[in-house]
Amino acid sequence: MRFSVTIDRDEDGIWVVECPSIPGCVSQGQTKDEALENIRDAIYQCLQVRMEHGLPLTIETRQVEVAA
């Protein structure tokens, strides 16, 4: 499965990665590569928990256009 993730750096320089289609699925790392590896594990774990609790695996996400 493929998931879109967001990547950001916090004020301490830690890379924070989130999977918007899975509520609460967030991870981090000292490097961008580490953070991306960690989110893979977090996504897997979140999917397992959601499946065990009978929740939908993901929620709908979309892109919208905003005039700037």
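Residues numbered from 1 in each chain as written. Predicted model: local features only at pLDDT ≥ 70, side-chain atom pairs only at ≥ 80, totals over all residues. Heavy atoms only, no water.

Draft legend 1. Structural context of the overall build of the protein. Across its full length, the protein carries one helix and three strands. Its helices and strands taken in sequence order, the protein reads β-β-β-α from the N to the C terminus. Expressed along its principal axes, the backbone C-alpha trace of the protein runs to roughly 35 × 35 × 20 Å. Going through the 68 residues of the protein one by one, you find that 22% of them count as buried. A sequence separation of at least 24 residues applies to 26% of the contacts in the protein between residues at least 6 apart. (Helix = DSSP H or I, 4+ residues; strand = E, 2+ residues; numbered from the N terminus. Buried < 20%, exposed > 50% of the residue type's maximum accessible area, 1.4 Å probe, protein only. Contact = heavy atoms within 4.5 Å.)

Draft legend 2. Structural context of the pattern of salt bridges. Using the criterion set out here, one finds two salt bridges in the structure. Residue E37 is joined to R40 by a salt bridge in which the shortest nitrogen-to-oxygen separation is 3.5 Å. Here the residue E37 and the residue R40 both occupy positions in helix α1 (residues 32-52), the gap between them amounting to three residues, near one helical turn. Overall, E37 belongs to the partly exposed group, its relative accessible area being 48%. A residue is classified by how much of its surface remains accessible, and R40, at 51% relative accessible area, is exposed. (Salt bridge = Lys/Arg side-chain N within 4 Å of Asp/Glu carboxyl O.)

Draft legend 3. Spatial organisation of the pairing of strand β1 (residues 6-9). As defined by bridge partners, β1 adjoins strand β2 (residues 15-18) across four bridges and the pair is classed as antiparallel. Bridge pairing links T6 to E18 in β2. In textbook terms, the turn of a hairpin is the stretch between consecutive antiparallel strands, and for β1 and β2 this stretch comprises five residues, one of which, G13, has a positive phi near 90 degrees. (Pairing = 2+ DSSP bridges.)

Draft legend 4. Structural detail: the nonpolar core. W15, V17, C19, I22, C25, A35, I39, A42, I43 and L47 form the largest nonpolar core, which has 10 residues in total. Elements supplying a minimum of two residues to this core: β2 and α1. Top element by residues in this core is α1. It accounts for five residues. (Core = buried A, V, L, I, M, F, W, Y, C linked by side-chain atoms within 4.5 Å.)

Draft legend 5. How the structure looks around the sheet that holds strand β3 (residues 26-29). Spatially, β1-β2-β3 is the arrangement adopted by the three strands of the open sheet, whose pairing is antiparallel. A single partner strand is all that each edge strand has here, and the edge strands are β1 and β3. Across the sheet, the mean angle separating the axes of adjacent strands is 25 degrees when strand polarity is ignored. Along the sheet, α1 makes contact with β1, β2 and β3, crossing β3 at roughly 150 degrees. (Axes fitted to C-alpha atoms, helices over the stretch in contact; angles between N-to-C directions.)

The values reported here are purely geometric and, on their own, carry no functional implication.
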